[in-house]
Amino acid sequence: MNGLSDDVLRIHRKEPRQVLPRIQVVGSPPFCNEKTITAHRMSQQGYVATPPYSQAQPGMGGYPAGFGSAPAQPLYRHYGGPPQSFPAPPTGMMKPVSSPSGMPPTQVPSHYGSNGQQNGAHPQSYPAPPYGQPPQSPYHSTAHQGPPPAQQLTNQMGAMNLGYGPGPMQSHQAPPTSPLIQQPFQTTPPPAMGHPPLGPPPTGPHSSQMAPPQSPLAGPPMGGPPSMGGPPPMGGMGRPFPGPPPPGAGGFQQPGPGAAGPPGYPQQLQGQLGGQMAGPGMAGPGMAGPGMAGPGMAGPFQGGAAQMAGPPQKKLDPDSIPSTTQVIEDDQAKRGGQVYTTNVRGQVPPLVTTDYTVQDQGNASPRFMRCTTYSFPSTADLAKQCQVPLATIIKPFATVPKNETPMYVVNHGETGPIRCNRCKAYMCPYMQFIDGGRRYQCGFCNCVNEVPAFYFQHLDHMGRRVDFYERPELSLGSYEFAATLDYCKNNKPASPPAYIFMIDVSYANIKSGLVRLVCEELKTLLDNLPREDGAESSMVKVGFVTYNKILHFYNVNSALAQPQMMVVSDTAEMFVPLLDGFLVNFQESCAVINNLLDQIPDMFADTNESETVFAPVIQAGVEALKAAECSGKLFIFHSSIPTAEAPGKLKNRDDKKLINTEKEKTLFQPQKAVYEQLSKDCVSQGCSVDLFLFPSQYVDIATMGDVPTHTGGSVFKYSNFQVDMDGEHFLSDLRKDVEKAIGFDAIMRVRTSTGFRATDFFGAIHMNNTTDVEMAAVDCDKAVTVEFKHDDTLSEETGALMQCALLYTTISGQRRLRIHNLSLNCSAQLSELYKSCETDALINFFTKSAYRAMLNQPLKTVREILVNQMAHMLACYRKNCASPSAASQLILPDAMKVFPVYLNSLLKTGPLVGSAELSTDDRAHQRLITTAMGVEDTQLLLYPRLVPLHNMDVASDMVPAPVRCSEERLTDAGMFLLENGCSLFLWLGQACPPELIQSIFNVTSFAHLPIDLRSLPELDNPQSKKLRSIVDSLLDQRPSSMKLLIVKQKDRSEMLFRQHLVEDKGLHGGASYMDFLCYVHREIRQVLT
């Protein structure tokens, strides 16, 4: 047989290979006969997969139960049907799940055709064997089970046809076939438990469009009955049924009797595995035959958590399901290295991972603004129908590469920027000049405005102003206006900002060496404070505070020979004891400051004070900036939960018993009162807070990180900090943080053309009202995600326009307005919307909205909403945009074909996984840092780069192409680098060639590698240089530093690495990508029916 072998889809990894029997294809559906298994592009059709799993699967409601390594609660539920009972099983025990809607109850013995209905529609006349045994309780061991999971998947996924395309396809068009042809398997079907094999059933009365109820790979009964919602396989466990399985009838190998399953997994019973499968909502046209279970569903997966874990066996080529790395590679090949000009409305930009150059010709660069779709639905009804969120991710200060034009500054002198009288939008390319150039019509509200005399210019024969190309605000998507005093606080010119360094000098920080490390670094770092382009030195002022239970302020006036310390012990009424000499210019006071930094570590060397305050420290910073009448940033280096008697004192509220309960959300809610008011004070003063935490135990990051995440700041965390291991990682973060481009005391407003408006905002921001986004500071890495809703019908002719205006203070103390404009298409055709979706932007929106929702809703609900919304989006595409096809086909829009892998990865992230094994602080920290992430950051976080290094070309400048993020891609003889923007791993296979180990680590073989390997030695050979240059370039590209962890195969530390292989099962619960696709398909069908 050409193309596929019969053990097509095997996800075993650690188990000896089993020989599978061949399965006869009884009624191969016409649409599956000669179709390809690998993904192929159909001219117009959506991405198509035809797995038998697509039927309303037995026990699929119980998919949650085994969504990975037995989380304490089912992760996903059944959507669209009547409620089912899903009792939360005790930890370590998965209960069978009640029958999903539309399925027959378990105890009714029947023939497959007993209901006379398949999928609730067409009468069938296929005889089938009766049950072999009466059902027993699922908690008993069994002597005979259905075919092993590998086989199950073989049968199911082997039938998968994959293809995709951007839009609707005419129903008469036959999809092209590709070289890999699927042939039906010519073998006899296995009998049901203990029954003789059947002859081929008679052909049913189907039309050619309807496939018979057997899929090309379906054998007769295989799945468990609907009531069996067993866990899908989980990696890393031994087989549940050791010992050689006795051969079953029909050549199936069946598990040996009486063997214990893995702890906590119900075992399967013989009688329940055979029949009971016909009935409404069951096997239908083109799907698995009767009784077929899908991957991760009921059926032989029960009890067999491990079957999926074993060693490489032949399986359906995983490349046949959509691959993120392939999508990235294709986009780079197609659009990489090209110039992207922004002169076309609603054009979809290259992916964030693609290397391109932007030429601004009237719309903002995608570096500044990216949308979930570039074609908005024209009515609210269409938007509601498709459920695709309409959102833009705005990164107002995004870094622009050196080969792109920097931002132009437009200065209209005392008159200030020209704005529409009605909606206050700023002059931009969407304003239409009329009446010979004397008036202009606003593109946002259609108001006609007079052109000021100084701004008048004649129009050319096309109605464009003669000075069109000379004025950035008429011809570019992004530019800045110099702001007048009207835009300043109290109509007074702004002052340059100040940076205040606040060091916790309690016992823990002194003992760890952190205080000395910070003081040493600041001596050189302060030379690199941010400055305006072309300026000789920075205008940023600096100040210093140390604290434990009390605060020490330092006078570092340049006139002093020695710094002076002033102590404030009344933390309840915080004030700044000195004005002059606290905030100074570093260049002028350099000698005094260096003197102070030398003295601080020795001054507190003998301290025994372990208690600290926290809120008063922030309050002190705000008061200092208030007194100096400037904005600025606090850099706080803190080690422990603030327990000293003072405002903002916190207590340990970490309680693992709350996990997977209704109250779990309280763990992530900040303790309000003092900190909420502090955030408001900070924002009104333009005081941003960056918090560097060095905890050795719980510190309540949910609360301590609340002020930073509402003031445009960042939270950095270094658990169990040791200078020799973590020092460089921390210092890299500190350097990037101090040196990065930033604006202060910012306020942002997003204006839109008529018909829709901005309704929701996500980011490190503060909202006093519904329209003004306030940020004490905004830097080059911070993004704000804005959601839009319709309030009227949008015009397809004029499209949807948006303008983001950001008023801020520059690093040199000037007030500026930064304007970004973007125009999108509008369409009454949903296919246009789906064609111009951007998966990376969508997942950014979903991540932020889920992480906000988890503060108010149980995690289970949040996860359900995510899956439900995705199912609705994809079901709407199928219903309205794809050509008619068998219900069993999974059809994905081309632009969203890898969306499921990202969403599944999001569901497995720490914040959304209810697992007592994860620290509450780590989960809270990940939730907070994601709040202000841009599209490229969430993309990388949810789909890490896995780069093979063992065969890298040392002569090339290129980084080797990443491979799919799955254990299957690792090889024993390989070396892989994995990074996700927060973590960086170098994984070494056991059989790594000694010469490679020698050239990288200077030891003779894998066995000789030291246990506590922490860094790459600098060796003078091509491999070592190449690897270090790859690591350096990665670290250089990312907003924060990453600590390199070197992981040896089969080492304990490998668990940390494996949790980032997002296509595999989650270590703390969560499905593999393949299983999740099956689950999503089932949800889509639920929505459609």
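This report concerns the structure included in the present document. Because the structure is predicted, anything quoted here is derived from the model rather than measured.

Here the focus is the sheet that holds strand E23 (residues 756-762). Here we have 4 strands laid out as an open sheet, ordered E6-E8-E26-E23, and antiparallel in their pairing. Lying at the two open borders of the sheet, with one neighbouring strand each, are strand E6 (369-371) and E23. Each strand of the sheet is rotated relative to its neighbour by a mean of 25 degrees, with strand direction disregarded. In the sheet, E6 pairs with strand E8 (residues 391-394) via 3 bridges, with the strands oriented antiparallel. If you follow Arg370 over to E8, its bridge partner there is Ile393. Across the face of the sheet, helix H14 (residues 839-853) comes into contact with E6, E8, E23 and strand E26 (784-790) while running at roughly 60 degrees to E23.

Once that is clear, we can look at the side chain of Asp700. You can see Asp700 is positioned in the loop between strand E20 (687-693) and helix H10 (701-704). Residue Asp700 is classed as buried on the basis of its relative accessible area of 0%. There is a polar contact of 2.8 Å between the side chain of Asp700 and the side chain of Gln671. Engagement of the side chain of Asp700 in a polar contact is seen with the side chain of Thr703, the distance being 3.0 Å. For Asp700, the residues in contact, after removing those within four places along its chain, are Ile641, Leu650, Arg653, Gln671 and Asp921.

Let us look at the pattern of salt bridges. According to the stated counting rule, one finds 44 salt bridges in the structure shown. Of the charged contacts, one joins Arg653 and Asp700 as a salt bridge, the two residues approaching to 2.9 Å between their closest N and O atoms. Remark: Asp700 occurs in the loop between E20 and H10 and Arg653 occurs in the loop between strand E19 (632-638) and helix H9 (674-685); sequence separation between them is 47 residues. Judged on exposure class, the residue Arg653 and its partner Asp700 are both buried.

Below, the discussion takes up the packing of aromatic side chains. A ring pair, where both rings are aromatic, is described by two values, the distance of the centres and the angle of the planes. In the structure shown here, the tally under the stated rule is 35 aromatic pairs. A centroid spacing of 5.5 Å and a plane angle of 80 degrees characterise the contact between Tyr479 and Phe481, whose relative ring orientation is edge-to-face. Relative to Phe544, the ring of Phe501 has its centre 6.0 Å away and its plane inclined at 25 degrees; by these criteria the two rings are stacked. Pair noted here: Phe501 is in strand E14 (residues 498-504) and Phe544 is in strand E15 (residues 541-547), with a separation of 43 residues, a long-range link. Residue classification places Phe544 among the buried residues on the basis of a relative accessible area of 2%. Each member of the aromatic cluster is reached from another via a ring pair, and the members are Phe637, Phe692, Phe694, Phe716, Tyr718, Phe721 and Phe730.

Cut-offs used in this document
Residues numbered from 1 in each chain as written. Predicted model: local features only at pLDDT ≥ 70, side-chain atom pairs only at ≥ 80, totals over all residues. Heavy atoms only, no water. Pairing = 2+ DSSP bridges. Helix = DSSP H or I, 4+ residues; strand = E, 2+ residues; numbered from the N terminus. Axes fitted to C-alpha atoms, helices over the stretch in contact; angles between N-to-C directions. Contact = heavy atoms within 4.5 Å. Buried < 20%, exposed > 50% of the residue type's maximum accessible area, 1.4 Å probe, protein only. Polar contact = N/O pair within 3.5 Å; in protein donor to acceptor, adjacent residues only side chain to side chain. Salt bridge = Lys/Arg side-chain N within 4 Å of Asp/Glu carboxyl O. Phe/Tyr/Trp six-rings, centres within 6.5 Å; stacked < 30°, edge-to-face > 60°.

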